[in-house]
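Working through the structure, step by step
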Amino acid sequence: MPAGVLEAADGGFSPIKVVGIGIPLAYSLTFFAAPLVFLVVLGFWLVEDFQVVPAFSLENYLDIAQHMFAKSNYALAIVQSLWVSLSTAFFAVLVCYPMVLAIVYVAPRSRHRLLLMLAVAPFWSSYVLRLFSWQILLANKGIINSGLAWAGFENLQFHLLYTQIATRIGLIHYLAPILIVVLYVTVANIDRDLIQAARDLGATRWQAFRRVILPMSRTGLLVSASFAAIVSFGDVLAGSLLGGGVGNSVLGSVPLFSTMIMTEYASSTNLPRTSALAMILVLVMVLMLAGGAALAERGKVDAG
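Summarised in this report is the structure supplied together with it. (Residues numbered from 1 in each chain as written. Predicted model: local features only at pLDDT ≥ 70, side-chain atom pairs only at ≥ 80, totals over all residues. Heavy atoms only, no water.)

On the secondary structure map, His112 appears in helix 5 (residues 112-119). Polar contacts involving the side chain of His112 include one to the main-chain carbonyl oxygen of Ile103, which spans 2.7 Å. Within polar-contact distance, the side chain of His112 engages the backbone oxygen of Ala107 at 3.3 Å. Leaving out residues up to four positions away in the same chain, His112 has contacts with Ile103, Val104, Ala107 and Tyr184. (Helix = DSSP H or I, 4+ residues; strand = E, 2+ residues; numbered from the N terminus. Polar contact = N/O pair within 3.5 Å; in protein donor to acceptor, adjacent residues only side chain to side chain. Contact = heavy atoms within 4.5 Å.)

Structure representation (structure tokens):
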């Protein structure tokens, strides 16, 4: 056995271990940690005479706080984004979970890999391209409405483009491949002997699902919902291309917080202030991640 491998087995450092740890660590520091630190620092800088001035100041955050509930109304935009992201996560899981159950318990095992490959096939095309495709489908004179008119079903035509429903459709299409894989790993690892035992004891299919499959897949459901909510909260493309920037909802015509950040930067090019807004978005996403992790851990304890 090579000496390097022996040293690693004894707890020492080997070239293989250094490379295996160093490359991912360097990648994370370069493309994640460093930009995030720069974003934090930039939020405290100022703009004077249309130039960014490196100076520690709370002016950006104080100005944002003053407009949190007035004028720009950032708070309402954050609530709007939370409403869209949480509802999107709910419907995304609601769509993907039955598909995974069908793959695991209905399709033959020999077809699982093929079905999973078909499920992730949308990732082979650009996200922007898929959103433009949904524009063509959902437009007032798009393919679906034109087809309904041609078939004589004008009363069934819909007007979804540039609404929050269209935003959710685009987000669900983007999230579905990831959620299906996550849920498949969870559901496929459920011990089938437990399901068979429930059936042998007289449980119906529905009772076996409700008392065995659903509780044991709770962690995967919570992880999937948390991931979907976080991605939906930070996404800006679906809201801009399909939602039109501002979508009607129970909160009124309020833009998403991510859309508001992009709009403010495009109109003022005040990069430090935009960085401060982005840090607020990141903070909310971290809180959502912490909440989702806590729920998933609690679900794991309840299931175990």
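On we go from here.
Here the focus is the layout of surface pockets. Summary: where empty space remains is shown by rolling a probe the size of a single water molecule over the atoms. Estimates place the volume of the largest pocket at around 310 Å³. Along its surface, the largest pocket is lined by Tyr105, Arg192, Ile195, Arg199, Arg205, Trp206, Ala208, Phe209 and Ile213. By residue class, the composition of the lining of the largest pocket is six nonpolar, no polar and three charged. What lines the second largest pocket is a set of 13 residues, and nearest its centre among them are Ser258, Ile261, Met262, Ala278 and Leu281. The set of elements that each furnish at least two residues to the lining of the second largest pocket consists of helix 13 (257-268) and helix 14 (271-303). With six residues, helix 14 is the single largest residue contributor to the lining of the second largest pocket. When grouped by side-chain class, the residues that make up the lining of the second largest pocket number nine nonpolar, four polar and no charged. (1 Å grid on protein atoms, 1.4 Å probe; cavity = no way out; pocket = protein on both sides within 12 Å on 5 of 7 lines; lining within 4 Å. Points joined across faces, edges and corners; volume = space filled by probe spheres on them. Nonpolar A, V, L, I, M, F, W, Y, C, P; charged D, E, K, R; others polar.)

This paragraph deals with the packing of helix 4 (residues 74-105) against helix 8 (residues 164-188). Their axes nearest at 7 Å, the elements helix 4 and helix 8 cross at an angle of 45°. One finds that helix 4 runs oblique with respect to helix 8. Like other packed secondary-structure pairs, helix 4 and helix 8 cross with a definite hand, here right-handed. (Axes fitted to C-alpha atoms, helices over the stretch in contact; angles between N-to-C directions. Parallel < 35°, antiparallel > 145°, perpendicular 65-115°, else oblique. Left-handed = near helix turned anticlockwise from the far one by under 90°.)

With 49 residues, the main nonpolar core has Ile64, Tyr74, Tyr97, Val100, Leu179, Ile213 and Phe257 as its most contacted residues. Broken down by element, this core gets its largest block of residues, 13 residues, from helix 4. Residues in contact with Tyr74, not counting those within four places in the same chain, are Ile64, His67, Met68, Phe257, Met260, Glu264, Arg273 and Leu277. (Core = buried A, V, L, I, M, F, W, Y, C linked by side-chain atoms within 4.5 Å. Buried < 20%, exposed > 50% of the residue type's maximum accessible area, 1.4 Å probe, protein only.)

Before going further, it helps to examine the packing of aromatic side chains. Summed over all chains, the structure comprises 10 aromatic pairs. Pairing Phe44 with Phe56 gives two aromatic rings, centres 5.0 Å apart and planes at 20°, and the pair type is stacked. Placement of the pair is Phe44 in the loop between helix 2 (15-42) and strand 1 (46-48) and Phe56 in the loop between strand 2 (51-53) and helix 3 (59-66), with a sequence separation of 12 residues. Taking relative accessible area as the criterion, Phe44 reaches 19% and is therefore assigned buried. Judged by its relative accessible area of 67%, Phe56 falls in the exposed class. (Phe/Tyr/Trp six-rings, centres within 6.5 Å; stacked < 30°, edge-to-face > 60°.)

As a further point, take the packing of helix 4 against helix 11 (residues 218-234). In contact at an axis separation of 8 Å, helix 4 and helix 11 are set at 140° when each is read in the N-to-C sense. For the element pair helix 4 / helix 11, the angle class is oblique. In this structure, helix 4 meets helix 11 at a crossing whose hand is right-handed. Judged by residue contacts, Ile78, Ser81, Leu82, Ser85, Leu86, Thr88, Ala89, Val93 and Tyr97 of helix 4 engage Leu221, Ser224, Ala225, Ala228, Ala229, Ser232 and Phe233 from helix 11. When grouped by side-chain class, the residues that make up the contact of helix 4 with helix 11 number 11 nonpolar, five polar and no charged.

A few words now on unusual backbone geometry. Positive phi values are uncommon outside glycine, yet Phe50 reaches one of about 65°. Along the chain, Phe50 falls in the loop between strand 1 and strand 2. On the basis of relative accessibility, which here comes to 86%, the residue Phe50 falls in the exposed class. With phi around 65°, Tyr162 is a residue other than glycine that occupies positive phi space. Mapped onto the fold, Tyr162 is located in the loop between helix 7 (143-150) and helix 8. With a relative accessible area of 48%, Tyr162 lands in the partly exposed category.

The next thing to look at is helix 11. Between its terminal C-alpha atoms helix 11 stretches 25 Å, which fits the 24 Å expected from 17 residues at 1.5 Å a residue. The set of residues buried in helix 11 consists of Gly220, Leu221, Ser224, Ser226, Ala228, Ala229, Ile230, Val231, Ser232 and Phe233. (Expected span 1.5 Å × (residues − 1).)

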